[in-house]
Amino acid sequence: MDHSQFIGRQTIRLRVNGQEVEREVEVRKLLADFLREDLGLTATHLGCEHGVCGACTVVLNGDSVRSCLLFAVQADGGDLLSVEGLARDGQMHPLQQAFWDHHALQCGFCTSGFLMSAYDLLQKNPHPSEEEIRHGLSGNLCRCTGYANIVKAVMAVAGKNTEETKRESKT
Ligand code: FES
Ligand code: FES
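Notes on the structure follow. Being a predicted model, the structure only gives us computed values, none of them experimental. (Residues numbered from 1 in each chain as written. Chains lettered and ligands numbered in written order. Predicted model: local features only at pLDDT ≥ 70, side-chain atom pairs only at ≥ 80, totals over all residues.)

**Some words on the packing of helix α2 (residues 94-101) against helix α5 (residues 147-159)**
- Contact geometry of α2 with α5 gives a least axis separation of 8 Å together with a crossing angle of 135°. Regarding the angle of α2 to α5, the classification is oblique. Regarding α2 and α5, the two cross each other, and that crossing is right-handed. Residues Pro-94, Leu-95, Ala-98 and Phe-99 of α2 form the contact with α5, whose participating residues are Ala-153, Ala-156 and Val-157.
- Residue composition of the contact of α2 with α5, by class: seven nonpolar, no polar and no charged. (Axes fitted to C-alpha atoms, helices over the stretch in contact; angles between N-to-C directions. Helix = DSSP H or I, 4+ residues; strand = E, 2+ residues; numbered from the N terminus. Parallel < 35°, antiparallel > 145°, perpendicular 65-115°, else oblique. Left-handed = near helix turned anticlockwise from the far one by under 90°. Contact = placed C-beta atoms within 7 Å. Nonpolar A, V, L, I, M, F, W, Y, C, P; charged D, E, K, R; others polar.)

In structure tokens form, the structure reads like this:
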């Protein structure tokens, strides 16, 4: 088997938080490492690095994904939203504001992953029930176990969800 394709470098182009990005990367580089090391977007966190904790969640082409389970080259040509893309013009996204208002973070390590999963959930289901929110966030682990306030924060946004919660990365 020819393994040369797995040890090379490749130029990738994608949109990240509304900005066109072009970089040459090792083909085996993880998307999470690409965001953190190549683009300096360190708010995407790495916990387990094997798809369990959800800390590395970003939205790629409209779906939440674990950036520790993808290679950067798999995002080539894509449209990616990381937690850094949620705030606009110095204003927190309504989800970020709700996390603030409802004390939905403790150590904060898991927060960016929760925000991105909640963002994805609300794009697909703007008014989820508490059960749907709990299900939507079930792939994210908070080691501080502070789930009650996280759910409360997402419920608050779901109750007053408007178009303003939509942050297309291309706008
Ligand atoms: S670091 Fe990706 S799921 Fe835990
Ligand atoms: S706030 Fe600490 S891990 Fe979630």
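**Looking at the sheet that holds strand β2 (residues 19-26)**
- If you trace the five strands from one edge of the open sheet to the other, you get β2-β1-β5-β3-β4, paired in mixed fashion. Bordering the open sheet on either side are β2 and β4 (63-66), each of which pairs with just one other strand. When strand polarity is set aside, the average angle formed by the axes of neighbouring strands in this sheet is 40°.
- One ladder, built from four bridges, connects strand β3 (residues 57-60) with β4; its direction is antiparallel. Residue pairing across strands places Thr-57 opposite Arg-66, the latter belonging to β4. (Pairing = 2+ DSSP bridges.)

**Considering the pairing of β3**
- With burial as the criterion, each face of β3 is covered, one bearing Thr-57 and Val-59 and the other bearing Val-58 and Leu-60.
- Linkage of β3 to β4, two consecutive antiparallel strands, is achieved through a turn of two residues, within which Asn-61 is found at a positive phi near 50°.
- Inspection of the sheet shows β3 paired to strand β5 (residues 79-81) by two bridges, in the antiparallel sense. In the strand pairing of β5, Val-59 is matched with Leu-81. (Buried ≥ 20, exposed ≤ 12 C-beta atoms within 10 Å, placed from the backbone.)

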